[in-house]
Amino acid sequence: MTHPVISATGLWTPPHSISNAELVASYNAWADTWNRENEAEIKSGLMEPKTHSSVEFIEKASGIKSRFVVDKEGVIDPYVMAPRIPERPNDQISILAEMAVFAARDALKAAGRAPEDVDAVICAASNMQRAYPAMAIEVQQALGIEGFAFDMNVACSSATFGIQTAADFIRAGHAKSVLMVNPEICSGHLNFTDRDSHFIFGDVATAVLIEAEDVAPARHWKILGTKLKTQFSNNIRNNFGFLNRAAPEGIGAPDKLFLQEGRKVFKEVVPMVAEMINAHMGELGMAAPDLRRMWLHQANANMNRMIATKVLGREASDDESPTVLDTYANTSSAGSIIAFHKHSADFKPGERGLICSFGAGYSAGTVFVERSE
């Protein structure tokens, strides 16, 4: 059997960053306007007033301090409260595909690869720009890659699902080199007028090059094992889709953007993921002391702290469970890949780590890796 490895990763970060203070100022201005416009209904008890957000509330609830976005002006405008991204003509590359190309080129350069060396492209992300044609095929064309390409969506777990899918292609002999990209414009589906979640997401693109070990660069990451899990839940949901036009009465309703029952998600996902990690370690003959570092999904600092504690049997240090959440916020499928990309260069040969994602579905994926000689 051909053994798959991770040859390189890539990252593209949008040019605009929004601090918590900027986001709070925008939200509070919107809330004040809403309260004025609905003053009569509020006084009569028909409506509840909108309460202010705060920097302290955001940081305590999530650990997020800022986020990168593709459009800042629309998001922080209290009369818009959404990104403004002009549609592009069909003869131009779409914005999500363009972001993916930027990250892909970064990964290819790091691995010393040319596009013609790649056999397949997988676009694994939460936020697909359209139903078809697949963004992966658009990325494939833009880079000049032969072979095949397709999209897959497993929400925040898309990257780990994409890594296993690519690894399986390599094990089966269907490809020698697979490019997996994760472009995410999470700001596009976030309700910036919802106090409980207006701060959660950011935008970014990442890429992972998965290859057969016999063609990979000498310095790579051995994939020791991958494991995937899904369990249906409505606690994280977005009902936007092409069937909305068939029920026009629901167009624009809150459920057509990101919705989450945060407390339920925390209570149910933390034990599920911790148990999955521990079980997978056991299957691979590993134990907690064998783990040099965990690159966990970057959704919530408190959630990651608890998962790491359940795996290690103690609280993890910043070195053992690094965070990028503070500056990137939740970037859905890309979060664990950003953490891996930014916090893996110091590994010595033989040291092992875990890439782990989890989110809507529920879905979760674990990828155990080892630094090569």
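Residues numbered from 1 in each chain as written. Predicted model: local features only at pLDDT ≥ 70, side-chain atom pairs only at ≥ 80, totals over all residues. Heavy atoms only, no water.

**Q** Could you give me a rundown of the overall build of the chain, with the residues and numbers involved?
**A** Scanning the chain from N- to C-terminus turns up 11 helices and 13 strands. Rg of the C-alpha trace for the chain: 21 Å, near the compact-globule value of 21 Å for 373 residues, within the 12% margin. Summarising its shape, the C-alpha atoms of the chain cover approximately 70 × 55 × 35 Å along the three principal directions. Relative to its full complement of 373 residues, the chain shows a buried share of 53%. (Helix = DSSP H or I, 4+ residues; strand = E, 2+ residues; numbered from the N terminus. Rg over C-alpha atoms; globule rule 2.2 N^0.38 Å. Buried < 20%, exposed > 50% of the residue type's maximum accessible area, 1.4 Å probe, protein only.)

**Q** Please provide a residue-by-residue account of the environment of Ile76, values included.
**A** Mapped onto the elements, Ile76 comes out in helix α4 (residues 73-76). Separated by 50 residues in the primary sequence, Ile76 and Ser26 place their C-alpha atoms 5.1 Å from one another. Setting aside residues up to four positions removed in sequence, Ile76 forms contacts with Ile18, Glu22 and Ser26. (Contact = heavy atoms within 4.5 Å.)

**Q** Could you give me a rundown of the packing of aromatic side chains, with the residues and numbers involved?
**A** Evaluated as defined, the whole model comprises 12 aromatic pairs. A ring pair is formed by Phe148 and Phe169, whose centres lie 5.3 Å apart and whose planes are at 75°; its orientation type is edge-to-face. Separated by 21 residues along the polypeptide, Phe148 in strand β5 (residues 148-152) and Phe169 in helix α7 (residues 158-172) bring together distant segments of the chain. An aromatic cluster of at least three residues, connected via ring pairs, comprises Trp221, Trp295, Phe340 and Phe347. If you follow Lys50 out to its NZ or CZ, it ends over the ring of Trp34, 4.7 Å from the centre. (Phe/Tyr/Trp six-rings, centres within 6.5 Å; stacked < 30°, edge-to-face > 60°. Lys NZ or Arg CZ within 6 Å of the ring centre and 35° of its normal.)

**Q** How would you explain the sheet that holds strand β1 (residues 4-12) if you had to name every residue and give the values?
**A** An order of β5-β4-β6-β7-β1-β8-β13-β12-β11 is seen for the 9 strands of this open sheet, with the pairing classed as mixed. The open sheet is flanked by β5 and β11 (291-296), the only strands paired with a single partner. Ignoring strand direction, the axes of neighbouring strands in this sheet form an average angle of 25°. Across the face of the sheet, helix α8 (residues 262-283) comes into contact with β8 (221-230), β11, β12 (352-359) and β13 (363-371) while running at roughly 40° to β13. (Pairing = 2+ DSSP bridges. Axes fitted to C-alpha atoms, helices over the stretch in contact; angles between N-to-C directions.)

**Q** Report on the nonpolar core, specifying residues and quantitative values.
**A** The biggest cluster of nonpolar side chains holds 50 residues, and the ones touching the most others in it are Val273, Ile277, Leu291, Met294, Ile307, Val311 and Phe358. Counting only elements with at least two residues in this core, the list comes to α1 (20-37), α8, β11, α9 (301-312), β12 and β13. Take this core: its biggest share by element is 8 residues, from α8. Apart from residues lying up to four places away in sequence, Ile277 is in contact with Leu296, Ile307, Val311, Leu354, Cys356, Thr366 and Phe368. Counting residues in each nonpolar core, the second largest holds 29 residues, with Ala124, Met152, Phe169 and Trp295 among its members. (Core = buried A, V, L, I, M, F, W, Y, C linked by side-chain atoms within 4.5 Å.)

**Q** Can you explain the side chain of Lys256? Please cite residues and give values.
**A** As for its position among the elements, Lys256 is in the loop between β9 (236-237) and β10 (259-260). Looking at Lys256, the relative accessible area reads 13%, which means it is buried. Of note is the side chain of Lys256, whose polar atom sits 3.1 Å from the backbone oxygen of Gly250. At a separation of 2.8 Å, a polar atom in the side chain of Lys256 contacts the side chain of Asp255. If sequence neighbours within four positions are ignored, Lys256 has contacts with Asn238, Asn239, Phe240, Asn244 and Gly250. (Polar contact = N/O pair within 3.5 Å; in protein donor to acceptor, adjacent residues only side chain to side chain.)

**Q** Can you lay out the state of the cysteines for me, pointing to particular residues and giving the numbers?
**A** One pass over the structure, following the stated rule, counts 0 disulfides. Looking at the unpaired Cys356, the closest cysteine sulfur is the one in Cys156, lying at 12 Å. (Disulfide = S-S within 2.5 Å.)

**Q** Outline unusual backbone geometry, supporting the account with residue identities and numerical values.
**A** The linkage connecting Tyr132 with the following residue, Pro133, adopts the cis geometry, with an omega of 0°. Examined against the element boundaries, Pro133 turns out to sit in the loop between β4 (120-124) and α6 (135-143). Phi is positive for Ala329, which is not a glycine, with a value near 65°. If you trace the backbone, Ala329 turns up in the loop between α10 (325-328) and α11 (335-342). The class for Ala329 is buried, based on a relative accessible area of 1%. Here the phi dihedral of Ser332 falls at roughly 55°; this positive angle occurs in a residue that is not glycine. Looking at the secondary structure, you find Ser332 in the loop between α10 and α11.

**Q** Describe the pattern of salt bridges, with residues and values.
**A** Oppositely charged side chains can pair when the atoms bearing their charge come close. Applying the stated criterion across every chain yields a total of 18 salt bridges. Arg195 is paired through a salt bridge with Asp196; the nearest N and O atoms lie 3.9 Å apart. The class for Asp196 is exposed, based on a relative accessible area of 54%. Linked by salt bridges that have partners in common, Arg292, Arg293, Asp319, Asp346 and Glu351 make up one network. (Salt bridge = Lys/Arg side-chain N within 4 Å of Asp/Glu carboxyl O.)

**Q** Tell me what's going on with the environment of Arg171, and back it up with residues and numbers.
**A** Along the chain, Arg171 turns up in helix α7. Taking the C-alpha atoms as reference, Arg171 lies 66 Å from Ser44; in sequence the two are 127 residues apart. Excluding anything up to four places from it in sequence, Arg171 contacts Met1, Thr2, Pro4, Gln164, Ile223 and Thr226.

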